[in-house]
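Residue-level listing of the chains:
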Amino acid sequence: MQNDSITCNSLKKFQSPDDIWILAEQRNGILQTVSFELLARAVPLAVQSGGSVHAVVIGSSLPDSELKRLIEYGADRVFAIESPFFEHYTIDLYSQALIGFFQDCRPGQLIAAATTFGRTIMPYLAMKLHTGLTADCTKLEMSDSRRMLQTRPAAGGNIMATIQCPEHRPQMATVRSHSCKPLDIDKDRQGEIIRIAACPPSKTSAVTIQKFIPVSEETTIQNATKIVAVGRGIKRAENLKPIQQFAKSIGAVLGATREVVDRGWLPYSCQIGLSGKTITPRLYIGLGVSGAIQHLAGMQTAEKIVAVNKDPDAPIFRIADFGIVGDLFDVLPLLSEMLQKPSGPSPV
Amino acid sequence: MLKIALLIKQVPETGSVRMDETTGTVIRKAADAIVNPLDLYAVEVSLQLKEKYGAEIFAFSMGPPSAAAALREVLSMGVDSACLISDPAFGGSDTWATAHILSETIKKIVPDVNLILCGERATDGDTGQVGPEVASALDIPVVAYVAAVGGLTETSDAKELELTRSTEYGQEEIRLRLPALITVLKSVASPRLPTLDRKIQVRKAKIPVYTQKDLHLDPGNIGLKGSPTRIVKTFRPQIIRHCTIKTLTDESSLQDAVTSLVTWLQQKELV
């Protein structure tokens with residue numbers, strides 16, 4: 001593993017239309033898991049295109065031990081763009097450095113995460129680099145003609161659209177976090193770390209961060225592995241209590257449809273769907289959720305879907321793996337009881 | 001006084017979206033077009049800033065002539081003036097071309113804009129890209145996912161707005177030097193309803209329309225030709241779930257259904 005400090009001029013040697021670039025995310029010098037998920041997307045693309053995988057990280061001081069992890073998860077080269085001014089993300093300073101960097105290395109393909117960071121900086125970069133960007137891709141593939149085929153849900157998730165960016169480069173896409181798993185770590189994997197000292201910014205950032213209030217350690221619906229979602233079928237807010245207890249007992253987080261949130265039964269942070277959050281848990285249990293398309297758009301990427309609803313024609317049954325047609329208030333007490341038995345269900 | 005630009009999009013009313021059972025596509029009727037619900041939060045923020053600090057609010061919308069209805073609606077909420085950007089030559093624009101057209105129009109109509117406000121994203125396209133792209137085209141900073149807007153401070157040479165930005169890790173309290181663009185979340189304000197008086201006032205209001213003739217944009221930067229991206233294929237997602245359905249009729253069917261569900265969950269190692 002080499003460790004160089006280089007100037008902008010020598011970046012041109014890394015221009016290759018076949019390489020797949022990812023924009024990794026770090027916070028306080030620590031790489032976020034989503035960066036490794038991006039590598040899991042990039043590695044198969046690089047196999048298809050016959051190129052290498054390049055990871056770019058921007059920050060103030062990025063330790064070798066962290067950068068090396070990108071190599072262990074699939075990167076062939078890691079570019080660390082550093083400056084004391086980059087301790088916190090600010091759009092103007094970060095984009096200025098990245099635009100200059102990408103203008104020099106001219107990536108053919110650039111992927112980032114559809115996080116609050118990626119969803120802000122990627123369109124900002126795409127505009128300046130005069131190229132196309134596809135948000136929230138569920139599938140990426142390289143064609144024989146060096147085109148990245150970018151597939152994303154359209155029209156509320158009922159239709160998938162495959163999008164290309166034929167003439168402009170880089171071909172840019174974001175993918176949702178938790179939408180794939182990182183590759184297995186390979187501690188022996190070899191790669192190169194290239195450090196780039198960014199020029200001091202021409203002016204101070206327009207953004208001053210005064211205070212940071214971290215989210216409580218509590219799991220949110222976006223990173224939960226299990227979700228119990230409630231719909232209008234719960235009838236009233238008081239009925240939430242046993243459902244909350246049930247969710248807690250199986251280690252699940254409570255989610256809701258828009259109707260439940262609009263009625264004020266649960267906060268907006270619980271809302272799943274087009275106007276709420278997209279979730280990718282291993283298990284989704286819908287109680288009294290009919291499955292309006294706006295809701296389905298936010299949860300159909302769940303690995304396994306269980307639905308309990310009185311209406312046999314509820315659309316949610318069309319995408320469920322296991323459905324019970326019946327009253328959730330009949331099902332819930334028995335289900336809670338049976339799941340609490342450590343030995344599992346006894347034969348009836 | 002602040003000069004505020006609002007970016008408004010007319011979208012299909014998703015609450016009334018119906019699926020075509022045979023083709024699986026969404027049936028849309030022109031009559032169901034509404035103001036993108038998430039834009040209303042940006043409108044409300046602009047009105048509150050106007051009430052507190054004084055502002056002139058300009059709403060911009062790009063779309064077909066029928067999008068004038070969306071602008072009329074925000075005018076009836078209290079926005080000062082509106083501008084429809086409409087030309088067949090703009091049709092087929094992707095987010096890059098749309099942001100280009102919007103930013104060029106803003107430059108022309110409000111060259112001294114202090115603040116551009118947008119909803120988080122449009123409920124139809126769902127990309128959330130146009131806001132940051134407009135900021136980039138105008139070379140001003142963007143703060144997306146604003147959860148709260150605080151006070152405005154003005155010194156002789158700068159205007160600064162206090163904001164709370166929501167991130168995956170927590171909330172950032174920031175001071176943002178204007179001019180800038182922000183995209184707001186629902187938590188930022190509760191949109192007011194249009195007043196009847198204003199509704200009557202704006203019913204016949206003529207909404208100025210800006211066309212390619214007024215804007216003289218490079219034809220290579222607008223419409224389909226100016227769009228870097230192309231949709232090459234649309235298809236219906238294949239649902240390959242094999243659903244086990246248990247229907248409850250009596251006490252024993254309940255026992256049976258729940259038992260098989262528990263067994264199924266255990267087999268899949270989900271509990």
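A quick note: this is a predicted structure, and the numbers were derived from the prediction, not measured.

Chemist: Any details on the overall build of chain B? Residues and values, ideally.
Modeler: Within chain B, the regular secondary structure consists of seven helices and 15 strands. Here chain B holds 271 residues, and the buried ones make up 53% of them. Taking as baseline every contact in chain B between residues at least 6 positions apart, the subset at least 24 positions apart corresponds to 70%. In the structure as shown, chain B presents an accessible area of about 12300 Å², 52% of it carried by carbon and sulfur atoms. Averaging the coordinates of the 30 positive side-chain charges in chain B and doing the same for the 33 negative ones gives two points 6 Å apart.

Chemist: Which residues make up the pattern of salt bridges, and what values go with them?
Modeler: A side chain of one charge can pair with a side chain of the opposite charge when the charged atoms of the two come close. Per the counting criterion, the structure on display carries 29 salt bridges over all chains. Of the charged contacts in the structure, one is a salt bridge between Arg152(A) and Asp136(A), with a shortest N-O distance of 4.0 Å. Residue Arg152(A) is found in strand 10 (residues 148–154), and its partner Asp136(A) is found in strand 8 (residues 133–137); the two are separated by 16 residues along the sequence. Measuring nitrogen to oxygen at the nearest pair gives 2.8 Å for the salt bridge that ties Arg192(B) to Glu44(B).

Chemist: Please provide a residue-by-residue account of unusual backbone geometry, values included.
Modeler: In this chain, Arg169(A) is followed by Pro170(A) through a cis amide linkage whose omega measures 0°. Along the chain, the position of Pro170(A) falls in the loop between strand 11 (159–164) and strand 12 (171–175). At the junction of Leu178(B) and Pro179(B), the peptide bond is cis and its omega measures out at 5° in the coordinates. Position of Pro179(B) relative to the elements: it lies in the loop between strand 11 (170–177) and strand 12 (180–184). Here Asp126(B), not a glycine, exhibits a phi torsion of approximately 65°, which is positive. Relative to the assigned elements, Asp126(B) resides in the loop between strand 8 (115–119) and helix 4 (130–138).

Chemist: Explain the sheet that holds strand 17 (residues 283–287) of chain A residue by residue, including any values.
Modeler: What the six strands build is an open sheet, ordered 16(A)-15(A)-17(A)-18(A)-19(A)-15(B); its pairing is parallel. Each having just a single partner strand, strand 16 (253–256) of chain A together with strand 15 (244–247) of chain B make up the two edges of the open sheet. Ignoring which end each strand starts from, the neighbouring axes of this sheet average 15° apart. In this sheet, strand 15 of chain B lies alongside strand 19 (residues 322–325) of chain A in parallel orientation, the contact comprising four bridges. Counterpart to Gly323(A) in the pairing with strand 15 of chain B is Ile245(B). Each of strand 17, strand 18 (304–309) and strand 19 of chain A together with strand 15 of chain B is contacted by helix 7 (residues 251–267) of chain B, which is oriented at about 165° to strand 19 of chain A, the strand it contacts most.

Chemist: I'd like a rundown of the interface of chain B and chain A, residues and numbers included.
Modeler: Taken together, the 82 residues of chain B in the interface contact 86 residues of chain A. Both sides together, the interface formed by chain B and chain A hides about 7600 Å², and carbon and sulfur atoms give 60% of it. Linking Lys128(A) and Asp139(B) is a salt bridge whose minimum nitrogen-to-oxygen distance equals 2.7 Å. Where chain B touches chain A, the interface holds 29 residue pairs in polar contact (both at pLDDT 80 or more). Going through the elements one at a time, helix 3 (95–109), helix 4, strand 9 (142–154), strand 10 (159–166), strand 11, strand 14 (230–235), strand 15 and helix 7 of chain B are the ones with two or more residues in the side of chain B that touches chain A.

Chemist: How would you explain the nonpolar core if you had to name every residue and give the values?
Modeler: In terms of nonpolar packing, the biggest core is built from 60 residues, with Ile81(A), Phe101(A), Phe60(B) and Ile116(B) touching the most fellow members. Looking at which element gives the most residues to this core, the answer is helix 3 (residues 91–105) of chain A, with nine residues. Discounting residues that sit within four places of it in the chain, Phe101(A) has contacts with Leu11(A), Trp21(A), Val56(A), Phe79(A), Ile81(A) and Ile196(A). Of all hydrophobic cores here, the second largest spans 45 residues; its members include Leu40(B), Leu84(B), Val146(B) and Ile174(B).

Chemist: Give me the packing of aromatic side chains: which residues, what numbers.
Modeler: Residue and element names in this part refer to chain A. If you walk through the whole model with that rule in mind, you get 12 aromatic pairs over all chains. Ring centres of Phe86 and Tyr94 lie 5.5 Å apart, and the angle between their planes is 70°; this geometry places the pair in the edge-to-face category. On the basis of relative accessible area, Phe86 is assigned to the buried category, the value being 2%. Ring geometry for Tyr94 and Phe117: centres 6.2 Å apart, planes at 85°, overall edge-to-face.

Chemist: Mind laying out the packing of helix 3 of chain A against helix 4 (residues 118–128) of chain A, listing which residues take part and the relevant values?
Modeler: Residues and elements named next belong to chain A. At a minimum axis separation of 10 Å, helix 3 and helix 4 run at an interaxial angle of 50°. If you check the angle between helix 3 and helix 4, you find them oblique. Pair helix 3 / helix 4 crosses with right-handed handedness. Taken together, the residues of helix 4 that come into contact with helix 3 (itself represented by Ile91, Tyr94, Ser95, Leu98, Ile99 and Phe102) are Thr120, Ile121, Tyr124, Leu125 and Lys128. For the contact of helix 3 with helix 4, a count of residues per class yields eight nonpolar, two polar and one charged.

Chemist: Any chance you could break down the domain arrangement of chain A for me, citing the residues and the numbers?
Modeler: All names here are of chain A. Domain annotation of chain A identifies domain 1 (2–197) and domain 2 (217–340). Just the C-alpha atoms count here: the centres of domain 1 and domain 2 sit 34 Å apart. The interface is formed by seven residues belonging to domain 1 together with nine residues belonging to domain 2. For the pair domain 1 and domain 2, the summed buried surface comes to about 600 Å²; carbon and sulfur atoms form 47% of the total. The tally of links between domain 1 and domain 2 comes to zero salt bridges. Taken together, the connections running from domain 1 to domain 2 amount to zero residue pairs in polar contact (both at pLDDT 80 or more). Classifying every residue of the side of domain 1 that touches domain 2 by side-chain character gives no nonpolar, five polar and two charged.

Chemist: Provide a residue-level description of the packing of helix 2 (residues 68–77) of chain B against helix 5 (residues 196–203) of chain B, including the pertinent values.
Modeler: Residue and element names in this part refer to chain B. The N-to-C vectors of helix 2 and helix 5 enclose an angle of 140°; their axes lie 8 Å apart at closest approach. Looking at the two axes, helix 2 sits oblique to helix 5. Helix-helix and strand crossings are classified by hand; for helix 2 and helix 5 the assignment is right-handed. Here Arg72, Leu75 and Ser76 of helix 2 come into contact with helix 5, specifically with Arg198, Lys199, Val202 and Arg203.

Chemist: Could you give an account of the side chain of Asn114(B), naming the residues involved and the relevant values?
Modeler: Residues and elements named next belong to chain B. Examined against the element boundaries, Asn114 turns out to sit in the loop between helix 3 and strand 8. Engagement of the side chain of Asn114 in a polar contact is seen with the backbone nitrogen of Lys3, the distance being 2.7 Å. Aside from chain neighbours lying at most four places away, what touches Asn114 is Met1, Leu2, Lys3, Lys159, Leu178, Pro179 and Ala180.

Quick notes on the rules
- Residues numbered from 1 in each chain as written.
- Chains lettered and ligands numbered in written order.
- Predicted model: local features only at pLDDT ≥ 70, side-chain atom pairs only at ≥ 80, totals over all residues.
- Heavy atoms only, no water.
- Helix = DSSP H or I, 4+ residues; strand = E, 2+ residues; numbered from the N terminus.
- Buried < 20%, exposed > 50% of the residue type's maximum accessible area, 1.4 Å probe, protein only.
- Contact = heavy atoms within 4.5 Å.
- Areas by Shrake-Rupley, 256 points an atom, 1.4 Å probe, with all protein chains shown as cover.
- Lys, Arg positive; Asp, Glu negative; His and termini not counted.
- Charge placed at Lys NZ, Arg CZ, Asp CG, Glu CD.
- Salt bridge = Lys/Arg side-chain N within 4 Å of Asp/Glu carboxyl O.
- Pairing = 2+ DSSP bridges.
- Axes fitted to C-alpha atoms, helices over the stretch in contact; angles between N-to-C directions.
- Buried area = accessible area lost by both parts, 1.4 Å probe.
- Polar contact = N/O pair within 3.5 Å; in protein donor to acceptor, adjacent residues only side chain to side chain.
- Core = buried A, V, L, I, M, F, W, Y, C linked by side-chain atoms within 4.5 Å.
- Phe/Tyr/Trp six-rings, centres within 6.5 Å; stacked < 30°, edge-to-face > 60°.
- Parallel < 35°, antiparallel > 145°, perpendicular 65-115°, else oblique.
- Left-handed = near helix turned anticlockwise from the far one by under 90°.
- Nonpolar A, V, L, I, M, F, W, Y, C, P; charged D, E, K, R; others polar.
- Domains from an automatic or database assignment.

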